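# Commentary on secondary and tertiary structure
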Amino acid sequence: MARIIKKVFGGIDLTWPKLIIAAVIAGAFTAAMAIIPALKYTSFHAITVTFEVWILFGIIIIMNSKSNIDSALKCFVFFLISQPLVYLIQVPLSALGWGIFGYYRTWFIWTLLCLPMGFIGYYMKMGKWWGYIILLPMIFLTAYSYYNYFSEFQFSMPRYILICLFCVCAMILYPIAIFDDKKIRTAGTVISVAAVIAVTVICLLRPPVYSTDIMGSNEEHVFDDTYTVYLDDAKYGDVSIRYLKSIESYLLHADFKKSGDTVLTIVSPAGEKTEYDVHIERNTFTYKRIEQ
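This one's a predicted model, so the numbers in the text were calculated from it and none came from an experiment.

A separate point is the overall build of the protein. A tally of helices and strands in the protein yields eight helices and seven strands. In summary, the protein has a C-alpha radius of gyration of 24 Å against a globular reference of 19 Å for 292 residues, an excess of more than 25%. Expressed along its principal axes, the backbone C-alpha trace of the protein runs to roughly 80 × 45 × 35 Å. Here the protein holds 292 residues, and 44% of them are scored as buried.

See below:
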C-alpha cells in the first residue's frame, strides 16, 4: 500500500498525453454521475457539485509535475478540458440544452485559479513546513465538504457514507503521502484527525433539520388553526399549521429530520381526513394527494 501511495503521489511519469486522457476520463465520468437519475442523492453525485475529489486530482498532478510552470500549466489544462466536457456531454440530455453551461461560470473561475495554485502548490514537493501551510487550505476545503456530507449522511442514512469516508481518508492521507519529514507528517495527521473529530462532534450536536412550508390554505387545500396535522411516522419530523400575517393565509409548516417516504394527514374539526404521500429529501420534497 505504501508503494502505491508513493507511486500515485510522485512516481507517475505524467506526460501531456496521459494528462489529456485523464482529463477526458474525469470529465466523462463526472458527466455520467450527473446524468444517471439513481445517483442524484448519493456519494457518486458529489463529484459533480463539490471540490473534494477535484482537489485530489489537482494534488496528484502537482506531485507528479516537473517544475512550477509544468505544474501550473498541467493543472490548468486538466481542468480546462475536464470541466467543459462535463457540461458538453449533458447538453443533449438536459432540458436546459446549451443553457447548462451557465453552471460552468464558477468552475471556469476556479480553472483560471489553477495557474497560480498549481505554481505555488509545487512547493509542497520541497518537503518543508511551509509546504504544509500551502496544503492546509486544501485540508480545510475537504473538511468543509466533510461537514456538509456528514450532515447529509445524518439526514439520509446510509446515503453519502462513501463520500464522508473519502473526505476523512483524504484529509489524513495528504500529509502522510506528500511529506517525508516525520514531524510534518505527524503534525499534519494530528491536525487532520482533530478536524475530523471536531466536525463530527459539531454535526452530532446540531443534527440537520429541513424547515419548509409544504402548502398554503386555498381552494384545493383548505385548513386553518382548528385543523390537526401529523406525519404517520414521527421520525421524519414535525408538522404544524401557522398563520402568516404578511400574506394573510395559513401555511402547513414542516421541520423534516430524515429523508424518505411517509404520509401526511390533515384532520378537520369534523374528523374528516385528507392524506398525502410525501417524499422527503435534504433540501426538497414532493407530495401527492391520496384519493379515497
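Residues Val229 and Leu231 of strand E2 (residues 228–231) are buried on one face, while the alternating residues Thr228 and Tyr230, pointing to the opposite face, are not. The sheet contact formed by E2 and strand E5 (residues 260–267) spans four bridges and is antiparallel. Each bridged residue has a counterpart across the sheet, and for Tyr230 the counterpart in E5 is Thr265.

Right, let's talk about the state of the cysteines for a bit. The final tally for this structure, using the stated rule, is zero disulfides. Cys114 takes part in no disulfide bond, and the closest cysteine sulfur, belonging to Cys75, lies 5.9 Å away. Judged by its relative accessible area of 7%, Cys114 is buried. Left unpaired, Cys203 is separated from the closest cysteine sulfur, that of Cys164, by 8.3 Å. By relative accessible area, Cys203 is classed as buried at 2%.

This part is about the environment of Trp16. Structurally, the position occupied by Trp16 is in helix H2 (residues 16–35). The spacing of Trp16 and Val86 is 70 residues in sequence and 20 Å in space, taken between C-alpha atoms. Beyond its immediate sequence surroundings of up to four residues, Trp16 is in contact with Asp70, Leu73, Lys74 and Val77.

Turning our attention to the side chain of Ser249. Within the element layout of this structure, Ser249 appears in strand E4 (residues 249–256). Setting aside its immediate chain neighbours within four residues, Ser249 contacts Ser217, Arg242, Tyr243 and Leu244.

With an omega of 5°, the peptide bond running from Met157 to Pro158 counts as cis. Tracing the chain through its elements places Pro158 in the loop between helix H6 (129–156) and helix H7 (161–178). The residue Glu248 is not glycine, and still its phi comes out positive at about 50°. Examined against the element boundaries, Glu248 turns out to sit in the loop between strand E3 (237–244) and E4.

Further remarks concern the nonpolar core. Phe9, Ile59, Phe78, Leu135, Tyr146, Tyr174 and Ile178 are the most contacted members of the largest nonpolar core, which totals 53 residues. Secondary-structure elements contributing two or more residues to this core are H2, helix H3 (52–63), helix H4 (68–90), helix H5 (104–121), H6, H7 and helix H8 (182–205). Membership of the second largest hydrophobic core comes to 19 residues, among which are Tyr236, Val239, Ala254 and Phe256.

This next bit is on the environment of Ser246. Within the element layout of this structure, Ser246 appears in the loop between E3 and E4. Assessed through its relative accessible area of 64%, Ser246 is described here as exposed. Through-space distance from the C-alpha of Ser246 to that of Lys7 is 62 Å; in sequence the pair is 239 residues apart.

Analysis parameters
- Residues numbered from 1 in each chain as written.
- Predicted model: local features only at pLDDT ≥ 70, side-chain atom pairs only at ≥ 80, totals over all residues.
- Heavy atoms only, no water.
- Helix = DSSP H or I, 4+ residues; strand = E, 2+ residues; numbered from the N terminus.
- Rg over C-alpha atoms; globule rule 2.2 N^0.38 Å.
- Buried < 20%, exposed > 50% of the residue type's maximum accessible area, 1.4 Å probe, protein only.
- Pairing = 2+ DSSP bridges.
- Disulfide = S-S within 2.5 Å.
- Contact = heavy atoms within 4.5 Å.
- Core = buried A, V, L, I, M, F, W, Y, C linked by side-chain atoms within 4.5 Å.

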